[in-house]
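# Close look at the chain arrangement
Read off the chains here:
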Amino acid sequence: MATNDNLIKQLASLSPDELESILEALKKRLEKNKQLRVAEEIIERYKPALKELAK
């Protein structure tokens, strides 16, 4: 919990512009992570077929 409290204090001390910038960066990172997860799921789903084609 101490980490969360420190993070909240730091975020609360930022200017609105700084906070907006950080939230936008966080949004982009989360979207990127979601895209990566989807790509991994697709690869796993088609991995057997790809291995078969590689023979």
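Let me sum up the structure you'll find in this document. (Residues numbered from 1 in each chain as written. Predicted model: local features only at pLDDT ≥ 70, side-chain atom pairs only at ≥ 80, totals over all residues. Heavy atoms only, no water.)

## A look at the overall build of the protein chain
- Counting secondary structure elements, the protein chain contains two helices and zero strands.
- A compact globule built from 55 residues would reach a C-alpha radius of gyration of about 10 Å, whereas the protein chain, at 20 Å, exceeds it by more than 25%.
- For the protein chain, the spread of C-alpha atoms along the three principal axes comes to 60 × 25 × 10 Å.
- Expressed as a percentage of its 55 residues, the buried residues of the protein chain come to 0%.
- Surface summary for the protein chain: the accessible area is close to 5500 Å², and the carbon and sulfur share equals 59%.
- If the 11 positive side-chain charges of the protein chain are averaged to one point and the 10 negative ones to another, these points end up 8 Å apart. (Helix = DSSP H or I, 4+ residues; strand = E, 2+ residues; numbered from the N terminus. Rg over C-alpha atoms; globule rule 2.2 N^0.38 Å. Buried < 20%, exposed > 50% of the residue type's maximum accessible area, 1.4 Å probe, protein only. Areas by Shrake-Rupley, 256 points an atom, 1.4 Å probe, with all protein chains shown as cover. Lys, Arg positive; Asp, Glu negative; His and termini not counted. Charge placed at Lys NZ, Arg CZ, Asp CG, Glu CD.)

## With respect to the environment of Arg 37
- Residue placement: Arg 37 occurs in helix α2 (residues 16-54).
- In the structure, Arg 37 is positioned 28 residues away from Lys 9 in sequence and 31 Å away in space, judged by C-alpha atoms.

## As for a nonpolar patch on the surface
- Together, Val 38, Ile 42, Tyr 46, Leu 50 and Leu 53 make up an exposed nonpolar region whose accessible area comes to about 500 Å².
- Assignment of secondary structure puts Val 38 in helix α2.
- For Val 38, a relative accessible area of 38% corresponds to the partly exposed category. (Patch = residues over 30% accessible without salt bridge, like charges linked within 9 Å, V, L, I, M, F, W, Y side chains within 5 Å. Salt bridge = Lys/Arg side-chain N within 4 Å of Asp/Glu carboxyl O.)

## Topic: α2
- Here α2 is 39 residues long and its end C-alpha atoms lie 53 Å apart, about the 57 Å a rise of 1.5 Å per residue gives.
- The largest bend in α2 amounts to roughly 50 degrees and is located at Lys 47, with the proline Pro 48 lying one to four residues further along. (Expected span 1.5 Å × (residues − 1). Bend = angle between axes of the 7 residues up to and from the residue.)

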